[in-house]
Amino acid sequence: EVETAIIGSGWGTKVQLPALRQVGIDVKSLWVRSEARVKEVETLEIPKVTTNYEEILQDPEVKVIILTTPVFKHLSDYVAAIEAGKHVVLEKPMAFNTEECRKMLDVAKAHPSQFTFIDHELRYLPTMKKMKEMIASGAVGKIFHVEGAIQSGGRAHNKRWNWWFQKEMGGGALFAIGSHVFDTLQYLTNAKIRSVNASVRTCIKERLDDDGKAHQATSDDDCLGMLDFGDFMGTFKVSVVHVDDQINQFSVSGSGGTLKVNHGKLEYYKATDLGSLGGKSELVLSETFGQVPRADVWQLGTLEIFAALKERLDDPQSQSLEAAATLEDGYYTQKIMEAIQRSSDDRTWVNVS
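Analysis parameters
- Residues numbered from 1 in each chain as written.
- Predicted model: local features only at pLDDT ≥ 70, side-chain atom pairs only at ≥ 80, totals over all residues.
- Heavy atoms only, no water.
- Helix = DSSP H or I, 4+ residues; strand = E, 2+ residues; numbered from the N terminus.
- Rg over C-alpha atoms; globule rule 2.2 N^0.38 Å.
- Buried < 20%, exposed > 50% of the residue type's maximum accessible area, 1.4 Å probe, protein only.
- Right-handed = clockwise from strand over helix to strand, strands pointing away.
- Pairing = 2+ DSSP bridges.
- Core = buried A, V, L, I, M, F, W, Y, C linked by side-chain atoms within 4.5 Å.
- Contact = heavy atoms within 4.5 Å.
- 1 Å grid on protein atoms, 1.4 Å probe; cavity = no way out; pocket = protein on both sides within 12 Å on 5 of 7 lines; lining within 4 Å.
- Points joined across faces, edges and corners; volume = space filled by probe spheres on them.
- Nonpolar A, V, L, I, M, F, W, Y, C, P; charged D, E, K, R; others polar.

Draft legend 1. Structural detail: the overall build of the chain. In terms of regular secondary structure, the chain is built from nine helices and 17 strands. Whereas a compact globule of 353 residues would reach a radius of gyration of roughly 20 Å, the chain reaches 20 Å, a difference of no more than 12%. With respect to the three principal axes, the spread of C-alpha positions in the chain is 65 × 50 × 40 Å. Every one of the 353 residues in the chain was classed for burial, and the buried ones make up 55%.

Draft legend 2. Just the pairing of strand β2 (residues 26–31), in detail. With respect to burial, β2 is a largely interior element, five of its six residues being buried. In the classification by handedness, the crossover that spans strand β1 (residues 3–7), the intervening helix α1 (residues 11–23) and the parallel β2 is right-handed. In this structure, β2 lies alongside strand β3 (residues 48–50), joined through three bridges in parallel fashion. Bridge pairing links Leu 30 to Val 49 in β3.

Draft legend 3. Structural detail: unusual backbone geometry. In this chain, Lys 92 is followed by Pro 93 through a cis amide linkage whose omega measures -15°. Mapped onto the elements, Pro 93 comes out in the loop between β5 (87–90) and α5 (98–109). One non-glycine residue, Glu 45, lies in positive phi territory at about 60°. Tracing the backbone shows Glu 45 in the loop between α2 (35–40) and β3. In this structure, His 263 takes a positive phi of about 45° despite not being glycine.

Draft legend 4. The nonpolar core, seen in detail. In this structure, Phe 182 and Leu 309 are the most contacted members of the largest nonpolar core, which totals 83 residues. The leading source of residues in this core is helix α7 (residues 173–189), at ten residues. For Phe 182, the contacting residues outside a window of four places in its chain are Leu 174, Ile 193, Leu 227, Phe 236, Thr 333, Ile 336, Met 337 and Ile 340.

Draft legend 5. Summary view of empty space enclosed by the protein. Per the stated rule, a full pass over the model turns up one cavity of 30 Å³ or more. Roughly 50 Å³ of volume is contained in the largest cavity. Contributing to the lining of the largest cavity are Leu 122, Leu 125, Thr 127, Met 128, Asn 248, Val 261, Asn 262, His 263, Gly 264, Glu 287 and Val 297. Sorting the residues of the lining of the largest cavity by element identifies α6 (126–136) and β14 (257–262) as the ones contributing at least two each. Across the lining of the largest cavity, the residue classes break down as five nonpolar, five polar and one charged.

Listed below in structure tokens is the structure:
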């Protein structure tokens with residue numbers, strides 16, 4: 001049986017650990033940042049919990065590293081894992097900047113027998129797979145316009161100060177959530193974003209720490225903009241201070257109609273059904289959330305992508321991870337996000353290069 005280790009105790013223990021166990025992947029080790037945290041996670045019943053990353057890397061039984069540390073640690077943690085002979089599941093975004101992405105790509109190329117994929121779990125949702133299949137088969141015809149929006153109040157006023165609110169540490173909505181939007185739109189359409197015109201903002205400018213002390217937030221919490229794919233246009237909206245029903249919506253419109261997915265429900269508006277006041281939708285597919293604790297696309301996507309990982313570990317010849325985001329995908333997404341930041345700073349269109 002292939003043993004795995006989770007590096008990071010936030011998302012890694014809340015969502016990834018239950019999903020790994022559910023699909024039958026054994027988690028032998030967990031890295032946490034402090035001895036106090038070691039005691040806090042005792043109830044998770046993981047055989048080894050440690051603050052020593054090197055100790056995990058030296059364990060010959062651990063074959064796969066699930067890397068969920070903050071963005072500013074991705075480069076060093078990833079390089080160490082690959083050089084220790086491990087496969088890696090890498091949390092998004094890939095790295096802090098494109099320079100770090102290039103270094104990670106070089107290391108990966110020097111170790112071709114090990115696999116890495118980026119945990120863009122939305123790709124593995126059944127609705128997303130079906131949507132991509134229908135677009136490829138011509139259901140929307142010639143693409144005119146795409147939209148991607150992920151909004152929630154998950155980091156509204158009550159969220160305490162931590163690294164996520166520091167731009168210099170890789171925090172912010174653009175990196176954490178925008179990376180999903182850009183990856184998903186390009187995955188669905190099989191097209192690259194070529195230029196951007198966007199606004200990146202910090203709406204809540206101060207955050208309180210656990211002691212009630214105020215800190216200036218330097219990372220963004222809200223961004224929106226336009227995307228030029230060359231043959232068609234797109235728009236995006238990302239916010240973590242949107243206090244309303246959560247939105248996780250993607251749509252692709254064209255000469256044949258529109259496909260739209262929102263929170264696990266895929267609908268098709270056929271062009272022949274459209275009138276002056278809109279069209280009549282056909283429900284194509286609804287996600288079944290019975291396998292996860294709540295109706296959450298992130299949890300379901302994580303379960304699906306780890307099921308694909310299990311298949312690949314059981315059979316090295318399996319193509320189950322073929323749809324997963326590669327390091328090259330992550331590198332290009334990083335270029336998009338850096339172009340968006342320049343666009344916001346200069347208030348103009350910027351090419352992705």
